[in-house]
Amino acid sequence: MVCNLPFDRLEAFMVALFKSIGVPSEDARTCADVLITSDKRGIDSHGVGRLKPIYYDRIVHQNIQQPVTQFEIVRDRGATAVVDGHHGMGMVIGKRCMTMAIEKARTYGLGMVVARNSTHYGFAAYYPIMATKAGMIGLTGTNARPSIAPTFGVENMLGTNPLVFAMPTDEEFPLTNDYATSIIQRGKIEQYDREGKACPAGLVIDRQGQTKTDSAQVLKDLVSGEAALTPLGGIGEETAGYKGYGFATIVEVLSAALQQGHFLKQLSGIGEDGKPCPYGIGHFFLAIDIEHFCDLAAFKKTTGDILRELRASQKAPGAERIYTPGEKEYLAWLDRQDKGAPVDEALQKQLVTMRDEQGLKQFRFPFE
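Residues numbered from 1 in each chain as written. Predicted model: local features only at pLDDT ≥ 70, side-chain atom pairs only at ≥ 80, totals over all residues. Heavy atoms only, no water.

Trainee: Just to check I follow, could you spell out the packing of helix α4 (residues 90–108) against helix α5 (residues 126–133) for this structure?
Mentor: Pairs of packed helices are described in terms of their axes, by the angle between the two and the distance that separates them. For the pair α4 and α5, the least separation of the axes is 9 Å and the interaxial angle reads 30 degrees. It follows from the interaxial angle that α4 and α5 lie roughly parallel. Classified by chirality, the crossing of α5 by α4 is right-handed. For the pair formed by α4 and α5, the contact residues are Gly-90, Met-91, Gly-94, Lys-95, Met-98, Thr-99 and Ile-102 on the first element and Tyr-126, Tyr-127, Pro-128, Met-130 and Ala-131 on the second. Split into classes, the residues belonging to the contact of α4 with α5 amount to 8 nonpolar, 3 polar and 1 charged. (Axes fitted to C-alpha atoms, helices over the stretch in contact; angles between N-to-C directions. Helix = DSSP H or I, 4+ residues; strand = E, 2+ residues; numbered from the N terminus. Parallel < 35°, antiparallel > 145°, perpendicular 65-115°, else oblique. Left-handed = near helix turned anticlockwise from the far one by under 90°. Contact = heavy atoms within 4.5 Å. Nonpolar A, V, L, I, M, F, W, Y, C, P; charged D, E, K, R; others polar.)

Trainee: In this structure, what is going on with the environment of Glu-172? I would like to understand it.
Mentor: Counting through the fold element by element, Glu-172 comes out in the loop between β6 (163–167) and β7 (175–176). Placed 54 residues apart in sequence, Glu-172 and Ser-118 show a C-alpha to C-alpha distance of 32 Å.

Trainee: What's the story with the side chain of Ser-147 in this structure? I'm lost.
Mentor: As for its placement among the helices and strands, Ser-147 is situated in the loop between β5 (136–142) and β6. According to the relative accessible area criterion, Ser-147 is buried, its value standing at 1%. A polar contact of 3.2 Å, which involves the side chain of Ser-147, links it to the backbone oxygen of Arg-145. Aside from chain neighbours lying at most four places away, what touches Ser-147 is Asn-156, Met-157, Leu-158, Gly-159, Thr-160, Arg-186, Leu-222, Ala-228 and Leu-229. (Buried < 20%, exposed > 50% of the residue type's maximum accessible area, 1.4 Å probe, protein only. Polar contact = N/O pair within 3.5 Å; in protein donor to acceptor, adjacent residues only side chain to side chain.)

Trainee: Just checking my understanding: could you explain the nonpolar core for this structure?
Mentor: Most often, soluble globular proteins have nonpolar side chains that are buried together. Core analysis: the largest hydrophobic core is formed by 63 residues, its most contacted members being Phe-13, Met-14, Phe-18, Leu-51, Met-98, Tyr-127 and Leu-351. No other element matches the 9 residues that α4 contributes to this core. If sequence neighbours within four positions are ignored, Leu-351 has contacts with Leu-5, Leu-10, Phe-13, Val-48, Leu-51, Val-343, Phe-365 and Phe-367. Membership of the second largest hydrophobic core comes to 14 residues, among which are Ile-189, Tyr-192, Ala-227 and Leu-229. (Core = buried A, V, L, I, M, F, W, Y, C linked by side-chain atoms within 4.5 Å.)

Trainee: Please explain the sheet that holds β6 as it appears in this structure.
Mentor: Strand pairing in a sheet is mediated by backbone hydrogen bonds. Such pairs are either parallel or antiparallel. One open sheet accounts for 7 strands, arranged β2-β3-β4-β10-β5-β6-β7; its pairing is mixed. Strand pairing shows two members of the sheet lacking a second neighbour, β2 (72–77) and β7, which therefore form its edges. In the sheet, β5 pairs with strand β10 (residues 281–289) via 7 bridges, with the strands oriented antiparallel. For Gly-138, the partnering residue across the bridge sits in β10 and is Ala-287. (Pairing = 2+ DSSP bridges.)

Trainee: Quick question: what am I supposed to make of the packing of aromatic side chains here?
Mentor: By convention here, two paired aromatic rings are described through the distance between centres and the angle between planes. The tally for this structure, following the rule as stated, stands at 11 aromatic pairs. Centroid distance Phe-13 to Phe-365: 5.3 Å. Interplanar angle 80 degrees. Geometry classified as edge-to-face. With a gap of 352 residues between them, Phe-13 in helix α1 (residues 7–20) and Phe-365 in the segment after α11 (345–358) connect regions that are remote in the sequence. One exposure class covers both Phe-13 and Phe-365, and it is buried. Measuring from centroid to centroid gives 5.0 Å for Phe-173 and Tyr-330, while their planes differ by 25 degrees, and the two rings are stacked. You can see Phe-173 sitting in the loop between β6 and β7 and its partner Tyr-330 sitting in helix α10 (residues 327–336), a full 157 residues away along the chain. Relative accessible area serves as the criterion here: at 9%, Phe-173 is assigned to the buried category. (Phe/Tyr/Trp six-rings, centres within 6.5 Å; stacked < 30°, edge-to-face > 60°.)

Trainee: Help me understand the packing of helix α3 (residues 51–60) against α11 in this model?
Mentor: Two numbers describe how α3 lies on α11: the axes approach to 11 Å, and their chain directions differ by 25 degrees. With respect to α11, the axis of α3 lies roughly parallel. Of the two possible hands of crossing, α3 and α11 adopt the one that is left-handed. Taken together, the residues of α11 that come into contact with α3 (itself represented by Leu-51, Lys-52, Pro-53, Tyr-56 and Val-60) are Gln-350, Leu-351, Thr-353, Met-354, Glu-357 and Gln-358. Residues of the contact of α3 with α11, tallied by class, amount to 6 nonpolar, 3 polar and 2 charged.

Trainee: What exactly am I supposed to notice about unusual backbone geometry here?
Mentor: Most peptide bonds adopt trans geometry, and most residues besides glycine take a negative phi value. Although it is not a glycine, Asn-161 adopts a positive phi angle of roughly 35 degrees. Structurally, Asn-161 is set in the loop between β5 and β6. By relative accessible area, which is 0% here, Asn-161 ends up buried. Positive phi, normally seen in glycine, also occurs at Ala-240, with a value near 70 degrees. Checked against the element boundaries, Ala-240 lands in the loop between β9 (227–229) and α8 (241–254). A relative accessible area of 17% means that Ala-240 is categorised as buried.

Written as structure tokens, this is what we have:
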């Protein structure tokens, strides 16, 4: 049975848990904020559901991620910088990189920071939204462990590689487009698995090019290389799968070439000895100071006008409304702010396991 947990209580637990496994206090708050913000926005695939498999287990059980982040600025030249995260906390690396990009944009109009040897940095829109709060346009992308097969291929080569923008508007929420360059991402399949649901047909293929729908098996096969996600547009070229493949490739290059980091199969997380090893993920962050181009209020109004005209356009028969990017996440927050985050039974067990392993006896959950 799904149980809703208050956001403040769940966030406090995550902060305490991160601290208990060696993450410094301020960094623990950053990591928890990224995860809880995802849940607040209705992005359950990247919220607390990833706390155990993506962060806790990699630090505690696999020893492939460092709880203390060594943030090294390798190169800093005017509007640009290159950072090495030394396999620390991706959320900490991401926030510091975007903060640097914003500071540089204030001076130069544009600021771009790239990072290598990072780890999973949570839901990508968190960082561009930081830029919107500073009156700027934000952009980020990241590579990831191999998941997507190239068009006409069946081998998982590219990560889910999101390319994410955020822009300030005169409305209550920014314009954001937070999604992977595959039709579906691993986090959503993990969610299907926890909920006991099948993965829809056509989103995952095997080595023979046939679709796979068993969510639990898909997760295993993605790791072993026996399955791959299809790019945005789907299988082949008839529905323009080459477009998603192309965008995924661009993100791969910008996440590896500028920072001279790992790419494609090098991001498998499996060493030559067959044992788990650090992923060495790369990210890029771009901030654009709007005031270097036009008045901020004017930009916000024009952007808002565009969104409002889109929503007011003619709807398809039977459709209740037209949404604009970022709107559903805002509506999810309005719906959830008093309810809290929905936690399914599988996730409930994970929370209890982590709490008991770390002796955080001060936390009791309503589902117990």
